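Each chain, written out:
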Amino acid sequence: EFCQENLLKICFTFVYSISFQVAAGPWGQICAGNPRNKVRGCDKFGCGYYGAPRSRGKKHRGVDVICRDGSTVYAPFSGTIGGRVNPYSKNNAINNGLLLRGSGFCIHMFYIRPVRYSGRINKGQKIGVMLPMQRVYRGMTSHVHVQNCNRSNPTRNL
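- In the annotation of an unreviewed UniProt entry, the protein chain is listed under the name M23ase beta-sheet core domain-containing protein and assigned to Terrapene triunguis.
- Under the UniProt heading Sequence similarities (unreviewed entry), the entry covering the protein chain gives this text: "Belongs to the LECT2/MIM-1 family."

Laid out in structure tokens, this is it:
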């Protein structure tokens, strides 16, 4: 066995460090370079956590998972792609996304250029690329917006 008496400290350190390299919830990694699905903090545009204040008294009904422009975006769970979803009514460089269903989940993922708009997906499969958020919101932390279809809090799944 790896964790013997004299190796206990090494084993603990190894297991402890590995536990912080993967996502905490049931979903897999969403963006390359962000294995823990870290949520955007606050910047001059607002904050990325669920329920964060927005303009006109609204609240943020999703979470913003940090993702550098141009990074690979992965399916957080296995299921199907339900089609294109757009976050804005007016077109811009980041107005694209996907509806994903499966494994008991239904989510919208915004600000990605999808590989395709339909079909089966497997957890961890490349589904797209992060669009150039800095072209539209210079200074905002680039991110994939993840929103449950029923607008409930998805944070625990990250």
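From this point on, the discussion continues.
Some remarks on the layout of surface pockets
Thinking step 1. Taken as a whole, the largest pocket spans an internal volume of roughly 710 Å³.
Thinking step 2. Around the largest pocket, the lining is made up of 21 residues, and of these Arg54, His60, Tyr88, Tyr111 and His145 lie nearest the centre.
Thinking step 3. Per-element accounting of the lining of the largest pocket gives the leading share, three residues, to strand E11 (residues 143–148).
Thinking step 4. Within the lining of the largest pocket, the residues separate by chemical class into eight nonpolar, five polar and eight charged.

Here we look at the sheet that holds strand E10 (residues 126–130)
Thinking step 1. Strand order in this open sheet of three strands is E4-E10-E8, and the pairing throughout is antiparallel. Looking at strand neighbours, the two that pair on one side only are strand E4 (72–74) and strand E8 (112–114), the edges of this open sheet. Between one strand axis and the next, the sheet turns by 40° as a mean value, whatever way the strands run.
Thinking step 2. As paired strands, E4 and E10 are joined by three bridges and run antiparallel to one another. Its bridge partner being in E10, valine 73 is matched across the sheet by glycine 128.

Observations regarding the environment of arginine 156
Thinking step 1. As for its placement among the helices and strands, arginine 156 is situated in the segment after E11.
Thinking step 2. Taking the relative accessible area as the measure of exposure, arginine 156 reaches 70% and is therefore exposed.
Thinking step 3. Arginine 156 sits 130 residues away from proline 26 along the chain, and the two C-alpha atoms are 8.3 Å apart.
Thinking step 4. Those residues in contact with arginine 156 that lie beyond four places of it in its chain are Gly25 and Pro26.

Focus on the packing of aromatic side chains
Working definition: an aromatic ring pair is given by the centre-to-centre distance plus the angle between the planes.
Thinking step 1. If you walk through the whole model with that rule in mind, you get six aromatic pairs.
Thinking step 2. Relative to phenylalanine 105, the ring of tryptophan 27 has its centre 5.4 Å away and its plane inclined at 85°; by these criteria the two rings are edge-to-face. Placement of tryptophan 27 in the loop between helix H1 (8–19) and strand E1 (42–43) and of phenylalanine 105 in strand E7 (residues 105–110) is noted, with a sequence separation of 78 residues between them.
Thinking step 3. Summarising the aromatic geometry, the rings of phenylalanine 110 and tyrosine 111 are spaced 6.2 Å apart at their centres and angled 55° between planes, so their arrangement reads as tilted.
Thinking step 4. The buried category is assigned to phenylalanine 110, whose relative accessible area is 11%.
Thinking step 5. Tyrosine 111 sits in the buried class, given a relative accessible area of 10%.
Thinking step 6. Feature note: the residues Trp27, Phe77 and Phe105 constitute an aromatic cluster, connected by ring pairs.

A short note on empty space enclosed by the protein
Thinking step 1. Applying the stated criterion to the full structure yields one cavity of 30 Å³ or more.
Thinking step 2. There is about 30 Å³ of room inside the largest cavity.
Thinking step 3. Every residue along the wall of the largest cavity is listed here: Ile81, Val115, Arg116, Ile121, Gln125, Lys126 and Ile127.
Thinking step 4. In the lining of the largest cavity, the residues fall into four nonpolar, one polar and two charged.

Calculation rules
Residues numbered from 1 in each chain as written. Predicted model: local features only at pLDDT ≥ 70, side-chain atom pairs only at ≥ 80, totals over all residues. Heavy atoms only, no water. UniProt positions renumbered as here; feature names shortened; annotations may be inferred. 1 Å grid on protein atoms, 1.4 Å probe; cavity = no way out; pocket = protein on both sides within 12 Å on 5 of 7 lines; lining within 4 Å. Points joined across faces, edges and corners; volume = space filled by probe spheres on them. Helix = DSSP H or I, 4+ residues; strand = E, 2+ residues; numbered from the N terminus. Nonpolar A, V, L, I, M, F, W, Y, C, P; charged D, E, K, R; others polar. Pairing = 2+ DSSP bridges. Axes fitted to C-alpha atoms, helices over the stretch in contact; angles between N-to-C directions. Buried < 20%, exposed > 50% of the residue type's maximum accessible area, 1.4 Å probe, protein only. Contact = heavy atoms within 4.5 Å. Phe/Tyr/Trp six-rings, centres within 6.5 Å; stacked < 30°, edge-to-face > 60°.

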